[in-house]
Amino acid sequence: MSHHTTTTLQITGMGCASCVGKVEAALNALPGVDQAHVNFASETAQVSHDAQLADIAAALSDKGYPVATQDTQMTIEGLNCASCVGRVERALLAAPGVITANVNLATEIASVTFATGTTDPNTLAATVTQAGYAVAPPSDMPEITDRKVEEIQTLAHQTLLAALLALPVFVLEMGGHMIPAFHHWVHATIGQHTSQLIQFALTSVILIGPGRMFYAKGLPALFRGAPDMNALVAIGTLAAYGFSVLSTFAPNLLPAGTANVYFEAAAVIVVLILFGRLLEARAKGRTGAAIRKLIGLQPKTARVEVGGIVTERPIAEIVAGDLLHVRPGERIAVDGSVLDGQTYVDESMITGEPVPVLKSAGDAVVGGTLNGTGALRVTATKVGADTVLAQIIAMVEQAQGAKLPIQGMVDRITAWFVPAVLATAALTVLVWLFFGPDPALSMALVAGVSVLIIACPCAMGLATPTSIMVGTGRAAEMGVLFRKGDALQALQDTRVLAFDKTGTLTMGRPELTDLITTEGFDRDEVLRLAAAAEASSEHPIARAITQAAPGPLPEVTAFESLTGLGLKAQVEGRSVLIGADRLMMRQNIDLSALEPLAQELAAKGKTPLYVAIDGTAAAALAVADPIKPQSHDAIAALHAQGLTVAMITGDNAATAKAIAAELQIDHVVAEVMPGGKVDAVSDLRKRFGAVAFVGDGINDAPALASADVGIAIGTGTDVAIEAAGVVLMSGDVSGVTNAYEISRHTLRNIRQNLGWAFGYNTLLIPVAAGVLYPFGGPLLSPMLAAGAMALSSVFVLTNALRLRFVARSVPATQSAATLKPAPAE
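Residues numbered from 1 in each chain as written. Predicted model: local features only at pLDDT ≥ 70, side-chain atom pairs only at ≥ 80, totals over all residues. Heavy atoms only, no water.

Draft legend 1. Region of interest: the overall build of the protein chain. Of regular secondary structure, the protein chain possesses 28 helices and 29 strands. Accessible surface, the protein chain: about 35400 Å² in total, of which carbon and sulfur atoms supply 59%. (Helix = DSSP H or I, 4+ residues; strand = E, 2+ residues; numbered from the N terminus. Areas by Shrake-Rupley, 256 points an atom, 1.4 Å probe, with all protein chains shown as cover.)

Below you can see the structure in the form of structure tokens.
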């Protein structure tokens, strides 16, 4: 079976939404391409393929949408003959993202062209090294300039130039219409014809210079029978320009009274659309801000210790096992394990949690997080693409490039939209010619050009992807990762949210919650003796008791584990017995003072134990897996959003019911095996509708995969939870409510954008065609049409950017240190 790889390509030349369909069609028609999704906002295509990348790039180039590429050169040592050349070329061509690779034996230089963003020169150098050839270090690898920055600068220059040239044209023509005195002054000084010649000269320069891009892309697309937005602008401006040229140089060829010039319309349309594109490029640049912020967290170099000497090395040269030194205030370079040192590390950029976490020997640290005031020595465990930060960046990019079901509908509409607009414009011209008042030809032209310009489907194409990009970026800042973009929409449709209990709603480890002493016994003294006795046991309950004791523990002289019952020990010369009621009864210890209290604790889902000292019942204590402090607020917030909340757990029914009552959970399924969680999810789906399941991702994988949306509570260090659609980077369940909040805001934002884009086109195309004119309304000028079109795209982008300010629905936890056990009352 052929193996498909997924490559994300940056596509150039996409002028509008209708281009998306053309690029997708071109890709999907290629043999070896399984599927392709194109995102207009990020100008990327995600292609699942086993075809050669060179063939894909060539096919896109033929269609007028070349892949953005970069070239690099590297000097290769140890090339002896032509077979070496072939080996290196094959190794490079097999690397992800490489389009062409040529190795010159004489100069020993390999020239590689690769798709921007898919790989980098360091990775390619590593590929050659793996093939068995040394690569000379790149002397001074030119820094790859950001394509977006360059595009924005070019557009800014073109817009400014076009505006400066268009201003005199606009003043000469429109100034006369607005101020009659100016019109007479122009006639008296330079004359009407000279004014038209000046306008002709300046407009020609605009169309040949800054406006050339519309014709270079639009006309070939039109001739191929696949018109795009550039084609609409090209036809509209050329029609206005051509008519004006005829009016200026051969007015006799036109019917009497129609020889008007529209140079100012052609010139100003180009300026406005360029300006709209400039604003669009700048806003698009901001939609990817979250990714750039994440990439910016990766340090460029690290201090590596070799043989007791510390040297600074580029991040690309660090391998697993290297010993790194991290100074106070520095970012940790790669994922690793602390060898020695103690410090607080700010992990907010990974988990969204505001409070720094204490790290000491043996603790895992994540690359990109910020060290506090202590110094650390860290052993590198994961480098390059394996680091948590690299995985997060890859996930966010994948989610941003994803296509939601709602986008499929938009694409289908925009595919036939441009041809429909061309037909509407042609029909408009014909209706005006046959039924319009004099000068019918001039009016037909104005109306036809206005329809072409105003109907551009840019805003439609941007409506969905820009919202997704900003929404998923904001989610990442809150520690919520949408691994699969469609989870963003699916989360909206879920009616019930099912939680796993242990480790999700609760801490996942037992803690001592209650200790009630009998007459004559001091609480702290009993706890000290019990903790000392339990210190020798490895049982989780024993550990919970030991951890609850204050200060150093006394020496234990004799210890005996009573399997299934408890334990017996001698502490400071006193006999200590700890265990269940069965053990106490065997030892004939009277529990009458403690039994009612113990039963009360058991009813709350806690595990009661007894402590006897020197043959007398001293205390009843209870151990439970405490509820995470954020669980209450999270479930209240989910209820406020109108969701049904369920809990699925393998724990006993009494404990499950007690926790459900405490958290006000609507529906409980207890005592299920991991496999049974899948059945529980499908039962919930039958009863309530679409289900989202929240688990900690280890034993919950089947349930996460079978739910409509799987939400994995990550630990912040193990991101790659394959079964889930959404990953919460912190162990905090309030992340679930943040995920819902982002999903709700993003989908609402998309609907607003689509409503605006479709509404704008539906309303303004008839106005541009002149429907209102017979009723005394205006005939929209092509310039106003161009302005409205530019503004509609800017509106959509600005609206999407509002998602950057979505607030958390439940504030982030204050500190892991403040976690409290479930209330004992």
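Draft legend 2. Inspection of the pairing of strand S11 (residues 335–340) at higher detail. Across five bridges, the pairing between S11 and strand S16 (residues 376–382) is antiparallel. Following the sheet pairing, Val 338 is matched in S16 by Val 378. Inspection of the sheet shows S11 paired to strand S14 (residues 364–365) by two bridges, in the antiparallel sense. For Ser 337, the partnering residue across the bridge sits in S14 and is Ala 364. (Pairing = 2+ DSSP bridges.)

Draft legend 3. Representation of unusual backbone geometry in the model. Positive phi values are uncommon outside glycine, yet Glu 572 reaches one of about 50°. Residue placement: Glu 572 occurs in the loop between strand S21 (566–571) and strand S22 (574–579). In this model, Asn 588 sits at a positive phi of 55°, which is unusual for a non-glycine residue. Positionally, Asn 588 belongs in the loop between helix H21 (581–586) and helix H22 (595–603).

Draft legend 4. Representation of the nonpolar core within the structure. Judged by nonpolar contacts, the single largest core of 134 residues is most densely connected at Ile 56, Phe 482, Phe 499 and Ile 711. The next biggest cluster of nonpolar side chains, apart from the first, holds 24 residues, and it includes Val 526, Ala 533, Ile 613 and Leu 621. (Core = buried A, V, L, I, M, F, W, Y, C linked by side-chain atoms within 4.5 Å. Buried < 20%, exposed > 50% of the residue type's maximum accessible area, 1.4 Å probe, protein only.)

Draft legend 5. Quick look at the UniProt feature "transmembrane region" (unreviewed entry) in the protein chain. Taking the numbering used here, the UniProt-annotated feature "transmembrane region" (unreviewed entry) corresponds to residues 160–185, 197–215, 227–249, 261–279, 413–435, 441–464, 754–773 and 779–801. Span residues 754–773 is 80% helix and 0% strand, its end C-alpha atoms 28 Å apart. (UniProt positions renumbered as here; feature names shortened; annotations may be inferred.)

Draft legend 6. Layout of helix H15 (residues 440–454). With 15 residues, H15 ought to run about 21 Å at 1.5 Å a step, and its terminal C-alpha atoms sit 21 Å apart, in line with that. H15 sits mainly inside the fold: 14 of its 15 residues count as buried. (Expected span 1.5 Å × (residues − 1).)

Draft legend 7. Representation of helix H24 (residues 653–663). Of all the positions in H24, only Thr 655, Ala 656, Ala 658, Ile 659, Ala 660 and Leu 663 are classed as buried. Summarising the contacts, the buried residues of H24 are in contact with helix H18 (501–505), H22, helix H23 (629–640), strand S25 (644–648) and strand S26 (667–669). Within two residues after H24, Gln 664 carries a phi angle of roughly 60°, on the positive side. (Contact = heavy atoms within 4.5 Å.)

Draft legend 8. Focus on the sheet that holds strand S23 (residues 607–613). Read from one edge to the other, the open sheet built from six strands follows the order S19-S24-S23-S22-S21-S20, with strand pairing classed as antiparallel. One side of each edge strand has no neighbouring strand; the edge strands of this open sheet are strand S19 (511–517) and strand S20 (556–562). Averaged over all pairs of adjacent strands, the angle between strand axes in this sheet comes to 20°, irrespective of strand direction. Here S23 runs beside strand S24 (residues 616–624); their pairing, made up of seven bridges, is antiparallel. Opposite Tyr 610, over in S24, you have Ala 620 as the bridge partner. (Axes fitted to C-alpha atoms, helices over the stretch in contact; angles between N-to-C directions.)

Draft legend 9. View of the packing of helix H19 (residues 523–534) against helix H20 (residues 540–548). Closest axis-to-axis distance for the H19/H20 pair is 8 Å, and the angle between their directions is 135°. Judged on the interaxial angle alone, H20 and H19 are oblique. Read as a crossing pair, H19 and H20 show a hand that is left-handed. Taken together, the residues of H20 that come into contact with H19 (itself represented by Leu 527, Ala 530, Ala 531 and Glu 534) are Ala 542, Ile 545, Thr 546 and Ala 548. The residue inventory of the contact of H19 with H20, partitioned by class, reads six nonpolar, one polar and one charged. (Parallel < 35°, antiparallel > 145°, perpendicular 65-115°, else oblique. Left-handed = near helix turned anticlockwise from the far one by under 90°. Nonpolar A, V, L, I, M, F, W, Y, C, P; charged D, E, K, R; others polar.)

Draft legend 10. Quick look at the confidence of the model for the protein chain. This prediction gives the protein chain a mean pLDDT of 82; 89% of its residues lie at or above 70. Within the model, the stretch residues 813–825 combines pLDDT values under 50 with 24 contacts to residues more than four positions away or in other chains. (pLDDT = per-residue confidence, 0-100.)

Draft legend 11. Focus on the pattern of salt bridges. Per the counting criterion, the structure on display carries 14 salt bridges. In this structure, Arg 377 and Asp 340 form a salt bridge, with 2.8 Å as the shortest nitrogen-oxygen distance. Here Arg 377 is found in strand S16, whereas its partner Asp 340 is found in strand S11, with 37 residues between them in sequence. In this structure Arg 377 comes out as partly exposed when scored by relative accessible area, which is 23%. Its relative accessible area of 31% is what places Asp 340 among the partly exposed residues. (Salt bridge = Lys/Arg side-chain N within 4 Å of Asp/Glu carboxyl O.)

Draft legend 12. Examining a nonpolar patch on the surface more closely. On the surface, Leu 427, Leu 430, Val 431, Leu 433, Phe 434 and Phe 435 cluster together to form a nonpolar patch covering roughly 660 Å² of accessible area. Its location among the elements puts Leu 430 in helix H14 (residues 405–435). What makes Leu 430 partly exposed here is its relative accessible area of 43%. (Patch = residues over 30% accessible without salt bridge, like charges linked within 9 Å, V, L, I, M, F, W, Y side chains within 5 Å.)

Draft legend 13. Quick look at the environment of Thr 762. Mapping Thr 762 onto the fold places it in helix H27 (residues 734–769). Look at Thr 762 and you get exposed, because its relative accessible area is 56%.

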